[in-house]
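Understanding the architecture of this molecule
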Amino acid sequence: MDQAKMIAVLIDIHLSEGYVSTLPINYDSSRTLYPMFEHDVFEKHNVIDTVFHKSLEYYISKPKLIDKIYESIIDSLNVIEKEGLIKETDELPN
């Protein structure tokens, strides 16, 4: 997978992980539920899980490259978080 696609997939994977961690369910249930979310992420991005995992192994083997990828992911997640906070604030009455 190219870098841009890897970043997009990892952003959605981290969002899914975050969502599952907020559900009021026990740890074992979340471990059962998460693979369904991961499958949805792979479908959304038209990626086969084995291709994703091999690509991830490749990027992890290149420390400078995976650092650059995670800088982009963190920046994107920060923007998503700020947009979410702005939307919540905009909905509050004055």
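About the cut-offs
- Residues numbered from 1 in each chain as written.
- Predicted model: local features only at pLDDT ≥ 70, side-chain atom pairs only at ≥ 80, totals over all residues.
- Heavy atoms only, no water.
- Axes fitted to C-alpha atoms, helices over the stretch in contact; angles between N-to-C directions.
- Helix = DSSP H or I, 4+ residues; strand = E, 2+ residues; numbered from the N terminus.
- Parallel < 35°, antiparallel > 145°, perpendicular 65-115°, else oblique.
- Left-handed = near helix turned anticlockwise from the far one by under 90°.
- Contact = heavy atoms within 4.5 Å.
- Salt bridge = Lys/Arg side-chain N within 4 Å of Asp/Glu carboxyl O.
- Buried < 20%, exposed > 50% of the residue type's maximum accessible area, 1.4 Å probe, protein only.
- Expected span 1.5 Å × (residues − 1).
- Arc of directions from axis to C-beta.
- pLDDT = per-residue confidence, 0-100.
- Polar contact = N/O pair within 3.5 Å; in protein donor to acceptor, adjacent residues only side chain to side chain.

**Section: the packing of helix α1 (residues 3-22) against helix α2 (residues 27-44)**
The geometry of α1 relative to α2 is characterised by a closest axis approach of 10 Å and an angle of 155 degrees between their N-to-C directions. Compared by their axis directions, α1 and α2 come out roughly antiparallel. Crossing of α1 against α2: the hand is right-handed. Taken together, the residues of α2 that come into contact with α1 (itself represented by Val9, Asp12, Ile13, Ser16, Glu17, Tyr19 and Val20) are Ser30, Tyr34, Phe37, Val41, Phe42 and Lys44.

**Some points on the packing of α1 against helix α3 (residues 49-60)**
Where α1 contacts α3, the axes come no closer than 11 Å and their chain directions differ by 105 degrees. Taken together, the axes of α1 and α3 lie roughly perpendicular to each other. Between α1, through Gln3, Met6, Val9, Leu10 and Ile13, and α3, the contact on the second element is made entirely by Phe52, Ser55, Leu56 and Tyr59.

**Re the pattern of salt bridges**
Pairing between side chains of opposite charge can happen when their charged atoms approach one another. Evaluation of the coordinates by the stated rule reveals one salt bridge. With a closest N to O distance of 2.8 Å, Lys44 and Asp12 form a salt bridge. Here Lys44 is found in helix α2, whereas its partner Asp12 is found in helix α1, with 32 residues between them in sequence. Look at Lys44 and you get exposed, because its relative accessible area is 60%.

**Re the environment of Ser72**
Mapped onto the elements, Ser72 comes out in helix α4 (residues 63-91). Taking C-alpha positions, Ser72 is 9.6 Å from Ala8, a pair spaced 64 residues apart along the chain.

**Concerning α3**
With twelve residues, α3 ought to run about 16 Å at 1.5 Å a step, and its terminal C-alpha atoms sit 16 Å apart, in line with that. Burial in α3 covers these residues: Phe52, Ser55, Leu56 and Tyr59. Projected down its long axis, α3 shows its buried positions confined to an angular sector of 105 degrees, all on one face. Residues of α3 that are exposed and point over 90 degrees away from its buried face: Lys54 and Glu57.

**Considering the confidence of the model for the protein**
Confidence in the prediction for the protein averages 87 pLDDT; 89% of positions are at 70 or higher. At the level of individual helices and strands, the protein shows its lowest average pLDDT in α4, which scores 84, and its highest in α3, which scores 97. Ignoring residues within four places in sequence, the model shows residues 89-94, a span with pLDDT below 50, making zero contacts including any to other chains.

**Focus on the side chain of Asp12**
Classification of Asp12 by relative accessible area gives buried; the value is 13%. Side chain to side chain, Asp12 and Lys44 meet in a polar contact 2.8 Å long. Beyond its immediate sequence surroundings of up to four residues, Asp12 is in contact with Val41, Lys44 and His45.

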